[in-house]
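Tertiary structure, described
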Amino acid sequence: GAGVSQSPSNKVTEKGKDVELRCDPISGHTALYWYRQSLGQGLEFLIYFQGNSAPDKSGLPSDRFSAERTGGSVSTLTIQRTQQEDSAVYLCASSLRVAGGNEQYFGPGTRLTVT
Amino acid sequence: GENVEQHPSTLSVQEGDSAVIKCTYSDSASNYFPWYKQELGKGPQLIIDIRSNVGEKKDQRIAVTLNKTAKHFSLHITETQPEDSAVYFCAATSNSGYSTLTFGKGTMLLVSP
């Protein structure tokens with residue numbers, strides 16, 4: 001079946017502009033996660049959703065970052081007033097539930113470059 | 001919270017050799033340990049996982065071992081092939097409540113023909 005999809009695959013933006021990244025999880029998966037991966041680094045957890053609810057937003061790097069999920073499906077990660085340090089690959093994953101021990105399946109990521 | 005350490009950061013082997021990647025974790029409540037393979041330009045792909053009620057799990061050329069007492073787990077790849085070249089990540093999480101994965105920093109495996 002269809003896996004996790006993300007769009008755009010690549011995004012180049014000027015410093016100070018806002019960007020929106022989209023994630024479409026696997027159908028039926030109630031949990032959705034956003035991670036950031038900087039060049040040569042591991043995965044930095046940003047935020048997760050159980051349904052449309054995001055109980056813990058403490059992983060977001062700054063108040064310029066926000067995320068929402070509607071209809072228990074598609075999620076968008078918004079970065080306002082982008083900075084060069086925001087350049088990274090943003091990965092989305094989904095799983096049946098958030099409860100630990102549920103396999104997370106990742107999308108291909110969005111490579112964001114801030115010039 | 002959970003902290004996962006992964007070693008080595010890079011590993012070079014000859015085709016046909018075995019490769020071993022090791023991870024340690026800090027939270028004794030963690031009981032689910034997946035391994036991901038990430039090829040260049042792609043998202044991480046789940047390749048194998050283990051839960052705390054077993055000590056070893058095998059899938060063809062890949063095996064994972066878990067030592068809960070020592071709080072470490074390892075990925076073993078036998079008869080390596082060039083297509084095994086990728087970055088491998090270990091992770092850990094607790095099975096209770098809402099617990100998200102904590103990842104190691106990754107191991108770049110290079111298999112030379």
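What you are looking at is a predicted structure, and each value in this text was computed from that prediction instead of being measured. (Residues numbered from 1 in each chain as written. Chains lettered and ligands numbered in written order. Predicted model: local features only at pLDDT ≥ 70, side-chain atom pairs only at ≥ 80, totals over all residues. Heavy atoms only, no water.)

**Side note on the nonpolar core**
- Judged by nonpolar contacts, the single largest core of 23 residues is most densely connected at B:Tyr25, B:Phe33, B:Trp35, B:Phe73, B:Leu75, B:Tyr88 and B:Leu109.
- Among the elements of the structure, β2 (10–14), β3 (19–25), β4 (30–38), β5 (45–51), β7 (62–67), β8 (72–77), β9 (86–94) and β11 (107–112) of chain B are those that each provide at least two residues to this core.
- When residues no more than four places from it in sequence are discounted, the contact partners of B:Tyr25 are B:Glu2, B:Asn3, B:Val4, B:Ser30, B:Phe33, B:Leu66, B:Asn67, B:Lys68, B:Lys71, B:His72, B:Phe73 and B:Ala92.
- With 21 residues, the next largest nonpolar core counts A:Val4, A:Phe49, A:Leu60 and A:Leu112 among its residues. (Core = buried A, V, L, I, M, F, W, Y, C linked by side-chain atoms within 4.5 Å. Buried < 20%, exposed > 50% of the residue type's maximum accessible area, 1.4 Å probe, protein only. Helix = DSSP H or I, 4+ residues; strand = E, 2+ residues; numbered from the N terminus. Contact = heavy atoms within 4.5 Å.)

**Considering the layout of surface pockets**
- As a volume, the largest pocket reaches approximately 780 Å³.
- Mapped by element, the contributors of at least two residues to the lining of the largest pocket are β8 (88–95) and β10 (110–114) of chain A together with β9 and β11 of chain B.
- Its residues assigned to classes, the lining of the largest pocket comprises twelve nonpolar, 19 polar and four charged. (1 Å grid on protein atoms, 1.4 Å probe; cavity = no way out; pocket = protein on both sides within 12 Å on 5 of 7 lines; lining within 4 Å. Points joined across faces, edges and corners; volume = space filled by probe spheres on them. Nonpolar A, V, L, I, M, F, W, Y, C, P; charged D, E, K, R; others polar.)

**Let's talk about the environment of A:Gly71**
- Its location among the elements puts A:Gly71 in the loop between β6 (65–69) and β7 (75–79).
- For A:Gly71 and A:Pro61, which are ten residues apart along the polypeptide, the C-alpha to C-alpha distance reads 25 Å.

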